[in-house]
Amino acid sequence: MRNVLKTLLLCTVMTIVWSNTGVGAAPPADKRSFASGKFAIEIDGHIAGFVNAVEGGLAFGDVVKENGEDFFFKKHLGNAGFRDIRLEFGADMDKSVYDWIAASLAMNYSRKDGAIVGADFQGNVISRLEFQNALITEVTFPAVDATSKDTAKMSIVLSPERTVLNRKASGKLGLTGGAKAQKKWLPANFRLSIDGIDTKKVSKIDALTVKLPRINFGDCFRCEELPPSPIKVDFPDVVLTTGEPAEPLYDWFEDFVIQGNNGDSSEKGGSLEYLSSDLKTVLFTLKFRNLGIFELMPVAVDAGGSTVPKLLAAMYCESMEFVVP
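Bear in mind the structure is a predicted one, so any value in this text is a computation, not a measurement.

Engineer: Mind showing me how you'd approach the sheet that holds strand 13 (residues 202-205) here?
Structural biologist: Adjacent strands of a sheet pair through backbone hydrogen bonds, lying either parallel or antiparallel. Pairing is antiparallel in the open sheet, where 7 strands are placed in the order 9-13-15-18-17-16-12. The open sheet has two free edges, formed respectively by strand 9 (144-145) and strand 12 (190-194), since each of these has just one partner strand. Pairing geometry for strand 17 (residues 282-303) and strand 18 (residues 306-323), over 17 bridges, is antiparallel. Bridge assignment links L296 to a residue of strand 18, and that residue is A313. Packing against the sheet, helix 2 (residues 95-105) makes contact with strand 17 and strand 18, and its axis sits at approximately 80° to strand 18. Against the sheet, helix 3 (residues 247-258) engages strand 15 (238-243), strand 16 (268-275), strand 17 and strand 18, with an angle of about 95° to strand 17.

Below, the structure is given as structure tokens:
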């Protein structure tokens, strides 16, 4: 138990935390320091890049409460399991990671083995969380915002069949190797297109989180979490903020919602391109299929002390495709 506590304290001092209490919020960016070390992700034996945050992955036991004759609950451990692993990273991972995401969103699920490798500031490996038969069960694409100067990050959730924490890991990890050169990825650099809609005044699009199904491993620890068959994916709504006037949006809303002409032929296609700092190079593309507008709402946006009228538009989306150049 003392060794476990030492390992957890060491992870806390470093940039990223493995939490055995479930997935929680990553520490704010201004609280992280890469001077103290880094964590890399290894997929099928190859280092695929460094992550900005990682949480979860350790084993846990369910606590079962039972009624008894006393005034308190009788408690004991039930089934054991392994926490999901949440990873956050930018545009500088190996292409194999993004291809795995793209395949998962296309329902081409593949289980992968790997590890989260922790190193100190000198590149000495000090911890290694190995996972087996992991599936991607959630993907979050970052919000875009024309006024933001933050660095964009996407995140994924891995659901492993089992994990092993190696507290006596050794070796060296190249702190600049294992991935292509880091790309500056800003939320302000994007290009949106929707069939028949002028999108030049769109200033913001909310983050998009896709929850994917958990697949039964057979001898699983979390069988109660598995969805019924057949498995369906409910892709998130696309919610954007645009400037006025926005007549094409009003016309589409009037026809689609008020007049009721909302069949498949009235739905639209579209795409969101995440761009590099030159505003020309496409880092990633999200393709939207069968968009249907269902709400328009005037909003007031604070712009440096003054209020600017904007229009919020919400659209459902039947499916999304993640395209990696």
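Moving on from the model shown.
Engineer: What exactly am I supposed to notice about a negative patch on the surface here?
Structural biologist: Taken together, E244, E247, D251, E254 and D255 make up a surface patch of like negative charges. In this fold, E254 is placed in helix 3.

Engineer: Explain the side chain of T140 to me, please; I cannot follow it from the model alone.
Structural biologist: Structurally, T140 is set in strand 8 (residues 125-141). Engagement of the side chain of T140 in a polar contact is seen with the side chain of T209, the distance being 2.9 Å.

Engineer: Explain helix 3 here, please?
Structural biologist: The terminal C-alpha atoms of helix 3 lie 15 Å apart, and with 12 residues this matches the ideal 16 Å at 1.5 Å per residue to within 8%. Elements that come into contact with the buried residues of helix 3 comprise strand 15, strand 16, strand 17 and strand 18. Phi turns positive one or two residues past the end of helix 3, at G260, with a value near 80°.

Engineer: Teacher, can you tell me more about the environment of F60 here?
Structural biologist: Mapped onto the elements of the fold, F60 is located in strand 4 (residues 59-66). Using a relative accessible area of 16% as the deciding quantity, one classes F60 as buried. Along the chain, F60 and A80 lie 20 residues apart, while their C-alpha atoms are 5.8 Å from each other.

Engineer: Help me out: how do you make sense of unusual backbone geometry in this one?
Structural biologist: Most peptide bonds take the trans form, and the phi angle of most residues other than glycine is negative. Cis geometry is adopted by the peptide bond preceding P245, which originates at E244 and carries an omega value of -5°. Secondary-structure assignment places P245 in the loop between strand 15 and helix 3. Phi is positive for N133, which is not a glycine, with a value near 50°. Position of N133 among the secondary structure elements: in strand 8. In this model, L279 sits at a positive phi of 60°, which is unusual for a non-glycine residue. Take L279: it is sitting in the loop between strand 16 and strand 17.

Engineer: Looking at this model, I keep getting lost on helix 2. Mind explaining?
Structural biologist: Owing to its 3.6 residues per turn, the α-helix aligns residues three or four sequence positions apart on the same side. Within the span of helix 2, buried status applies to V97, Y98, W100, I101, A102, S104 and L105. Directly beyond the C-terminal end of helix 2, a positive phi value near 70° is found at M107.

Engineer: I'm lost on the packing of aromatic side chains in this one. Help?
Structural biologist: Remark: the centre distance and the inter-plane angle together describe each pair of aromatic rings, the angle taken between the planes. Inspection of every chain in the model, using the stated rule, returns 9 aromatic pairs. Pairing W252 with F256 gives two aromatic rings, centres 6.0 Å apart and planes at 65°, and the pair type is edge-to-face. With W252 and F256 both in helix 3 and 4 residues apart, the pair spans about one turn of that helix. What makes W252 buried here is its relative accessible area of 6%. Judged by its relative accessible area of 3%, F256 is buried. When the ring of F284 is compared with that of F322, the centres are 5.5 Å apart and the planes differ by 35°; the resulting orientation is tilted. In this pair, F284 is assigned in strand 17 and F322 in strand 18, connecting sequence segments 38 residues apart. Summarising the burial analysis for this pair, F284 and F322 share the class buried. Through a chain of ring-to-ring contacts, the aromatic side chains of F89, Y98, F141, W185, Y274, F284 and F322 assemble into a single cluster. Geometry around F73 places K65 over its ring, the cationic atom sitting 5.8 Å from the centre.

Engineer: Please clarify how the pattern of salt bridges should be interpreted in this entry.
Structural biologist: Pairing is possible between side chains that carry opposite charge, provided their charged atoms lie close to one another. Scanning the model with the defined rule gives 9 salt bridges in all. A salt bridge links R214 to D84; the shortest N-O distance between them is 2.7 Å. Residue R214 is found in the loop between strand 14 (208-211) and strand 15, and its partner D84 is found in the loop between strand 5 (74-82) and strand 6 (85-89); the two are separated by 130 residues along the sequence. The salt bridge involving R86 is made with E138; its shortest N-O contact spans 3.4 Å. Of this pair, R86 sits in strand 6 while E138 is found in strand 8, placing the two residues 52 residues apart along the sequence. Residue E138 is classed as buried on the basis of its relative accessible area, which comes to 13%. Residues joined in a network through salt bridges with shared partners are E42, R128 and E130.

Engineer: Mind showing me how you'd approach the environment of P142 here?
Structural biologist: Examined against the element boundaries, P142 turns out to sit in the loop between strand 8 and strand 9. According to the relative accessible area criterion, P142 is buried, its value standing at 10%. Once the C-alpha coordinates of P142 and Y274 are considered, the two residues, 132 residues apart in sequence, prove to be 9.6 Å apart. Those residues within four positions of P142 in sequence are excluded, and the remaining contacts are A152, K153, M154, W185, A207 and Y274.

About the criteria used
Residues numbered from 1 in each chain as written. Predicted model: local features only at pLDDT ≥ 70, side-chain atom pairs only at ≥ 80, totals over all residues. Heavy atoms only, no water. Pairing = 2+ DSSP bridges. Helix = DSSP H or I, 4+ residues; strand = E, 2+ residues; numbered from the N terminus. Contact = heavy atoms within 4.5 Å. Axes fitted to C-alpha atoms, helices over the stretch in contact; angles between N-to-C directions. Patch = residues over 30% accessible without salt bridge, like charges linked within 9 Å, V, L, I, M, F, W, Y side chains within 5 Å. Areas by Shrake-Rupley, 256 points an atom, 1.4 Å probe, with all protein chains shown as cover. Salt bridge = Lys/Arg side-chain N within 4 Å of Asp/Glu carboxyl O. Lys, Arg positive; Asp, Glu negative; His and termini not counted. Charge placed at Lys NZ, Arg CZ, Asp CG, Glu CD. Polar contact = N/O pair within 3.5 Å; in protein donor to acceptor, adjacent residues only side chain to side chain. Expected span 1.5 Å × (residues − 1). Buried < 20%, exposed > 50% of the residue type's maximum accessible area, 1.4 Å probe, protein only. Phe/Tyr/Trp six-rings, centres within 6.5 Å; stacked < 30°, edge-to-face > 60°. Lys NZ or Arg CZ within 6 Å of the ring centre and 35° of its normal.

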